[in-house]
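# Topology and contacts: notes
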Amino acid sequence: MKIVKLAFFVFFVSTSVSSFSQKIVIDYFVDYEIETKNKKDTITIGFSKNGDYLYTDSDALVESFQRSVFRNRNTDIKNSEMHIVFDTQKQFVYFLMTFDKNEFFMKMNVNDFIPSVKDKSPFDGTTQFIFEKTEDYIQIENKDYNIHQLYPDNEPEEKIKIVCSKDMKFNNSILLNSIYKMMSGSNISEDIKTPKINGVILYLANKNKTLIKAVKTDNNPKTLDINFSYKITE
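Residues numbered from 1 in each chain as written. Predicted model: local features only at pLDDT ≥ 70, side-chain atom pairs only at ≥ 80, totals over all residues. Heavy atoms only, no water.

### Looking at the environment of threonine 210
Positionally, threonine 210 belongs in strand E12 (residues 210-218). Along the primary structure threonine 210 and glutamate 33 are separated by 177 residues, whereas in three dimensions their C-alpha atoms are 9.3 Å apart. For threonine 210, the residues in contact, after removing those within four places along its chain, are Tyr203, Leu204 and Ala205. (Helix = DSSP H or I, 4+ residues; strand = E, 2+ residues; numbered from the N terminus. Contact = heavy atoms within 4.5 Å.)

The following block contains the structure:
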């Protein structure tokens, strides 16, 4: 569809310019161990302390992309790179992948790719999320952390165990609102009372298994310079 639009404008405009440029500071990086299809993978996620951005360049995502896009081709992407940034405020994803002589760049509004909620929101009946301290602890990087529980008030059996860092500040309220908006179509602040949950998430588990657990943290910030442009002239 974008190629069709591009061709259309070439016919009617003598000069067309499109560009995107943005610098983003990622303050922390966390390596998580995750379990997928009976095997354990490691994925690195970066966080901006104000809660605006998430970043990853996970090899596991590269492999997943290869399987889904190049399923029937003998494409070798061993030396590929993939970078994904999620803008939690605007709900945009910036995607860059390079391999061999190929480059992909996409700026996507996540809501355009998520089916709209027509009948029932998964949060119908929820008036607030409960965040409470437990008596349990878990050790991460040789430190003991108190485990909390997060659950909707109308489904107290659906508890998620959660551990947040005390040292790496991160506004989870923005992320929680973004996820809620994608799943329900509205802002969480308009519908549901939510607790303040600060700090980078280090551990998530449900009643059946561990979802993610931090195995390594890095407090050295990095700046992402996203720059893409093209110019068409007659």
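### Things to note about the pairing of strand E2 (residues 28-36)
Two faces make up the sheet, and in a regular strand the side chains alternate between them. One ladder, built from nine bridges, connects E2 with strand E3 (residues 39-47); its direction is antiparallel. Bridging from a neighbouring strand, glutamate 35 pairs with lysine 40 of E3. Taking the residues that link successive antiparallel strands as the turn, the E2-E3 hairpin has two residues, and the phi of lysine 37 there is positive, at about 50°. The pairing of E2 with E12 spans six bridges and is antiparallel. Within the sheet, the bridge partner assigned to aspartate 31 lies in E12 and is lysine 216. (Pairing = 2+ DSSP bridges.)

### Points about the nonpolar core
Grouped together as the largest cluster of nonpolar side chains are 39 residues, with contacts concentrated most on Tyr32, Phe47, Ile140, Val163, Val200 and Leu202. Here this core gets five residues from one element, more than from any other, and that element is strand E11 (residues 201-205). By size, the runner-up hydrophobic cluster in this structure holds nine residues, among which are Tyr53, Val85, Leu224 and Ile226. (Core = buried A, V, L, I, M, F, W, Y, C linked by side-chain atoms within 4.5 Å. Buried < 20%, exposed > 50% of the residue type's maximum accessible area, 1.4 Å probe, protein only.)

### Notes on the sheet that holds strand E6 (residues 92-99)
Within the open sheet, the 11 strands sit side by side as E7-E6-E5-E4-E3-E2-E12-E11-E10-E9-E8. Their pairing is antiparallel. Either end of the sheet is taken by a strand with one partner, and the two such strands are strand E7 (102-109) and strand E8 (129-140). Recorded for the sheet is a direction-independent mean angle of 20° between the axes of neighbouring strands. (Axes fitted to C-alpha atoms, helices over the stretch in contact; angles between N-to-C directions.)

### Side note on the side chain of threonine 134
For threonine 134, the location among the structural elements is in strand E8. According to the relative accessible area criterion, threonine 134 is buried, its value standing at 12%. Among the polar contacts listed, one links the side chain of threonine 134 to the backbone nitrogen of aspartate 136, at a separation of 3.1 Å. Among all residues touching threonine 134, those that are not within four sequence positions of it are Asn146, Ile147, His148 and Gln149. (Polar contact = N/O pair within 3.5 Å; in protein donor to acceptor, adjacent residues only side chain to side chain.)

### Concerning the environment of isoleucine 212
Looking at the element boundaries, isoleucine 212 is found in strand E12. For the pair isoleucine 212 and isoleucine 201, spaced 11 residues apart in sequence, the C-alpha to C-alpha distance is 9.2 Å. In contact with isoleucine 212, not counting residues within four places along its chain, are Tyr32, Glu33, Ile34, Ile201, Leu202, Tyr203 and Leu204.

### Here we look at the confidence of the model for the protein
Mean pLDDT over the protein works out to 78, with 75% of the residues at or above the 70 mark. Below pLDDT 50 for its whole length, residues 1-17 participates in 15 contacts with residues either more than four positions away or in separate chains. (pLDDT = per-residue confidence, 0-100.)

### What to know about the pairing of E12
Inspection of the sheet shows E11 paired to E12 by three bridges, in the antiparallel sense. Bridge assignment links leucine 204 to a residue of E12, and that residue is isoleucine 212. What sits between the antiparallel neighbours E11 and E12 is a turn of four residues.

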